[in-house]
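What follows is each chain in one-letter form.
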Amino acid sequence: MTELCDLSATEARSLIGQKQISPVELTESCIRRIEEVNPAVNAVVAHDFAAARAQARQQEQAVVRGETLGPLHGLPLGVKDMIDAAGLPTSCGSLSRKDYLPEKDERLVRVLREAGANVLGKTNVPEWGAGGNSRNPVYGTTGNPFDTTKSAAGSSGGSAAGLASGMFPIATGSDTGGSLRNPAAFNGVVGFRPTAGLIPAEKRGTAWLQISTLGPMARTVEDVATLFTVMMGEDKSDPLAHTVHGRTMRHAREFTPIAPLDLSAQRVALTTDFGFAPTETGVAETFIEKTGRFKQVFKCAEFATPDCSGTDEAFEKIRSLMFLTGTRELYQRDPNQVGENVRLNVEEGLRYTAQDIARGLDLQTQIYRRWQLFFDDYDFMLSPSVTISPRPWTELYPKEINGQATRTYYHWLALAYASTIAGLPSVSLPVGVDQYGMPFGLQIIGPRGGDVQLLRMAYALQEQLKGSPSTARPVPDIAALKRARPIADMPDFYLPVGQG
């Protein structure tokens, strides 16, 4: 029998509105799952269950009184540990912030609470979100619920592992080089990177760059769409999320309810590597096998890719601006307080000249225009979400793929940052498992600003594929996780520091 914590957000919210389950019952079910399973995966790293229970009781009374309920009323929420939620620490996985306790919610958390979400806990990240392995010196590592010795990816790894394990039905994340999509793929859930600016971020550094964005994660596309509807809006503190002074231009009602798309009318391009990403042979083979099962439903489905030349260089240079803003002073003040990835971030950024950055920005513009022309011929692009199958979390980052050395510690994220650098909305949809029995993520990319159509496409494809075990969303063995050895007892649980 399905436990309440395993319900989708859409199902749980409907049952709450019908008074068939209460917010208290749902919250207790999620807390119980965290207590039973979190020792095995370490997805939730900070919580205040007393506060969550008190909030659930208030939400239950609102239902009893017949009040108008928000779209997320009574739904437990996981918040990425780089986003402020009042009363819970925001460490960003860094020793320098391990005692930081914000007094107020960040805008994202505030609007989710106003819509009825109940913050259950903070979810694990890499140190300063650097890299795709959620392992840090403060809270240790997050294991993959399908194999706790393997990585949950990142940087939203704790959110993805928690969702997959039934700890909460909705979660927040953020994405620069795939930090919503990579962990979604590794853990068999849905992660959506929207067009930058649709979800305001008042704390984002280098705010004029579109490279980083907040976004939603859940177990189904419809849940992600609902969460996105609540998250989006305008905010004068974010230049990308502000349009006409004194007027609201973006209305959430334009984005909901989600409706399926006619797949038979869609022109779809397929690629395993965009012509440049170092994709593991097994991942490419799995992608070809999976898409071979359903590509006939489209009007057109053929292997094609825009000219993505220069993507690695552009991403490396533009990304360095963001990380120099966030971590340079910390590294220079005390290199013994940071790990290898942060050190590499700073040293890479300091190598670049103004001419290097100018070239990176020019390359980005060229790439964007080539992608937009590509979408004159195709409606969507399909690829694997990640270049590799999950590897042991003791490997900080893949130093080689298919026997070839990677360019940087984040080069293995190239399938995701192919769309990041062009400013395109992208979603990772779980499509069964790969040849190693680990979740496989299908990345769907749409044109800039085509977020609604992209979510409709993902929803239609989810409904097309969920009936077959080979393409449906995989579910981890919860009973095995309850029995599993605590991940904190494994060697090298914490990320080493002082390598600067």
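Okay, so let's go over this structure. Note that the structure is a prediction, hence the values are computed from the model and not measured. Chains are numbered independently. Their residues run from 1 in the order of the written sequence. In keeping with the model being predicted, local features are shown solely for residues with a pLDDT of at least 70 and side-chain atom pairs are shown and tallied solely at 80 or more, while totals for entire chains, interfaces and linings include all residues. With hydrogens and water set aside, each side-chain value is computed from the structure's full complement of heavy atoms.

Quick word on the overall build of the protein chain
Helical segments are the DSSP runs of H or I of at least four residues, strand segments are the runs of E of at least two, and each set is numbered from the N terminus. When you go through the protein chain residue by residue, the secondary structure sums to 14 helices and 17 strands. The principal-axis extent of the C-alpha atoms belonging to the protein chain is close to 60 × 55 × 55 Å. Note on classification: 1.4 Å probe, protein chains only; a residue is buried when its accessible area is under 20% of the maximum for its type, exposed when over 50%, partly exposed between these limits. A burial count over the protein chain gives 63% of its 500 residues as buried. In this description, contact between two residues means that some pair of their heavy atoms is separated by no more than 4.5 Å. Taking as baseline every contact in the protein chain between residues at least 6 positions apart, the subset at least 24 positions apart corresponds to 77%. With residues, only the protein chains shown are counted as cover, and all accessible areas are computed by Shrake-Rupley using a 1.4 Å probe. Carbon and sulfur atoms make up 50% of the accessible area of the protein chain, which amounts to about 18400 Å² in all. Positive charges come from Lys and Arg alone, negative charges from Asp and Glu alone, with His and the N- and C-terminal ends not counted. Here the site of a charge means NZ on Lys, CZ on Arg, CG on Asp, or CD on Glu. Within the protein chain, one finds 50 positive and 55 negative side-chain charges whose respective centroids are separated by 2 Å.

A closer look at empty space enclosed by the protein
Residues are called lining when one of their atoms sits within 4 Å of a cavity or pocket point, these points coming from a 1 Å grid over the protein atoms alone, where a cavity is a set in which a 1.4 Å probe fits but cannot get out and a pocket is an open set with protein on both sides within 12 Å along at least five of seven lines. Grid points are joined across faces, edges and corners, and a volume is the space filled by probe spheres set on the points. Within the structure shown, the criterion is met by three cavities of 30 Å³ or more. Approximately 110 Å³ is the volume attributed to the largest cavity. Breaking the lining of the largest cavity down by element, the ones donating at least two residues are helix 6 (181-187), helix 8 (281-292) and strand 17 (439-445). Here the nonpolar group is Ala, Val, Leu, Ile, Met, Phe, Trp, Tyr, Cys and Pro; Asp, Glu, Lys and Arg are the charged ones; every other residue, Gly included, is treated as polar. Tallied by class, the residues present in the lining of the largest cavity amount to ten nonpolar, six polar and two charged.

With respect to the pairing of strand 2 (residues 76-80)
Counting buried residues in strand 2 gives five out of five residues, a clear majority hidden from the surface. Burial along strand 2 is two-sided: Pro-76, Gly-78 and Lys-80 and Leu-77 and Val-79, pointing in opposite directions, are all buried. Where strand 2 and strand 3 (residues 118-123) come together, five bridges link them in parallel fashion. Within strand 3, the residue paired with Leu-77 across the bridge is Val-119. Orient the strands so they point away from the viewer; a crossover is then right-handed if the path from the first strand over the helix to the second runs clockwise. Between strand 2 and its parallel partner strand 3, the chain crosses via helix 4 (residues 107-114), and the hand of that crossover is right-handed. For two strands to count as paired, DSSP must find a minimum of two bridges between them.

Some thoughts on the environment of Ile-83
For Ile-83, the location among the structural elements is in the loop between strand 2 and helix 4. Take Ile-83: its relative accessible area is 2%, and that puts it in the buried class. As for Ile-83 and Phe-192, which are separated by 109 residues in sequence, their C-alpha atoms are 17 Å apart. For Ile-83, the residues in contact, after removing those within four places along its chain, are Thr-90, Glu-106, Leu-108, Val-109, Lys-122, Thr-172, Gly-173 and Leu-214.

Things to note about the packing of aromatic side chains
Pairing of aromatic side chains here covers Phe, Tyr and the six-membered ring of Trp, requires ring centres within 6.5 Å, and sorts the geometry by plane angle: under 30 degrees stacked, over 60 edge-to-face, intermediate tilted. This structure, assessed with the given rule, holds 15 aromatic pairs. Here the aromatic rings of Phe-287 and Phe-303 are separated by 6.4 Å at their centres, their planes lie at 85 degrees, and the arrangement is edge-to-face. Of the two residues, Phe-287 sits in helix 8 while Phe-303 sits in strand 12 (residues 300-303), which places them 16 residues apart along the sequence. Residue classification places Phe-287 among the buried residues on the basis of a relative accessible area of 0%. Taking the relative accessible area as the measure of exposure, Phe-303 reaches 46% and is therefore partly exposed. A ring pair is formed by Phe-315 and Tyr-410, whose centres lie 5.8 Å apart and whose planes are at 75 degrees; its orientation type is edge-to-face. Of this pair, Phe-315 sits in helix 9 (residues 311-333) while Tyr-410 sits in the loop between strand 15 (404-405) and helix 12 (414-420); the two residues are 95 residues apart in sequence, bridging distant segments of the chain. By the burial criterion, Phe-315 is buried, and Tyr-410 matches it. Put simply, the rings of Phe-276, Phe-315, Tyr-397, Tyr-409, Tyr-410 and Tyr-417 touch in pairs and so form one group of aromatic residues. For a Lys NZ or an Arg CZ to count as sitting over a ring, it must be within 6 Å of the ring centre and within 35 degrees of the ring normal. For Arg-319, the ring lying beneath its charged end belongs to Tyr-410, and the centroid distance is 3.9 Å.

Side note on the sheet that holds strand 16 (residues 426-433)
Two modes of strand pairing occur in sheets, parallel and antiparallel, and in both the strands are linked by backbone hydrogen bonds. Taken in spatial order, the eleven strands make up an open sheet running 1-3-2-8-10-9-16-17-13-11-12, and their pairing is mixed. Both edges of this open sheet fall to strand 1 (44-47) and strand 12, since each of them pairs with a single strand only. Here the average twist between neighbouring strands, direction ignored, is 30 degrees. Note: strand 9 (residues 190-193) against strand 16, three bridges, orientation antiparallel. Every axis corresponds to a line fitted to the C-alpha atoms, with the helix fit spanning only the stretch in contact, and the corresponding angles, defined between N-to-C directions, vary from 0 to 180 degrees.

A word on the layout of surface pockets
When its volume is computed, the largest pocket comes out at roughly 740 Å³. Along the wall of the largest pocket there are 32 residues; nearest its centre are Met-82, Trp-128, Arg-204, Ser-212 and Met-322. Only strand 8 (170-175), strand 10 (213-218) and helix 9 provide two or more residues apiece to the lining of the largest pocket. Among the elements that make up the lining of the largest pocket, the one with the highest residue count is helix 9 (seven residues). Grouping the constituent residues of the lining of the largest pocket by class yields eleven nonpolar, 14 polar and seven charged. In this structure, the second largest pocket spans a volume of roughly 510 Å³. Lining the second largest pocket are 23 residues; nearest its centre among them are Ser-8, Arg-219, Thr-220, Arg-473 and Val-475.

Side note on the environment of Thr-141
With respect to the secondary-structure elements, Thr-141 resides in strand 5 (residues 140-141). For Thr-141, a relative accessible area of 0% puts it in the buried group. Not counting residues up to four positions away in its chain, the partners in contact with Thr-141 are Val-41, Asn-42, Asn-124, Asn-133, Ser-134, Arg-135, Trp-393, Ile-487 and Phe-493.

Overview of the pairing of strand 9
Side chains Val-190 and Phe-192 of strand 9 all project onto a buried face; the interleaved residues Gly-191 and Arg-193 project onto the opposite face, where all are buried too. One ladder, built from two bridges, connects strand 9 with strand 10; its direction is antiparallel. Pairing of Val-190 across the sheet is with Ala-218, part of strand 10.

Structural notes on the packing of helix 4 against helix 7 (residues 221-231)
Close contact between helix 4 and helix 7 brings their axes to 9 Å; oriented N to C, the two are set at 110 degrees. As far as their axial angle goes, helix 7 and helix 4 are roughly perpendicular. For the pair helix 4 and helix 7, the sense of crossing is right-handed. Residues Arg-107, Leu-108, Val-111 and Leu-112 of helix 4 form the contact with helix 7, whose participating residues are Leu-227, Val-230 and Met-231. Grouping the amino acids of the contact of helix 4 with helix 7 by side-chain chemistry returns six nonpolar, no polar and one charged. Convention used here: angles under 35 degrees read as roughly parallel, angles over 145 as roughly antiparallel, angles from 65 to 115 as roughly perpendicular, and any remaining angle as oblique. Here a crossing is taken to be left-handed if its near helix is turned anticlockwise relative to the far helix by less than a right angle, and right-handed if that turn runs clockwise.

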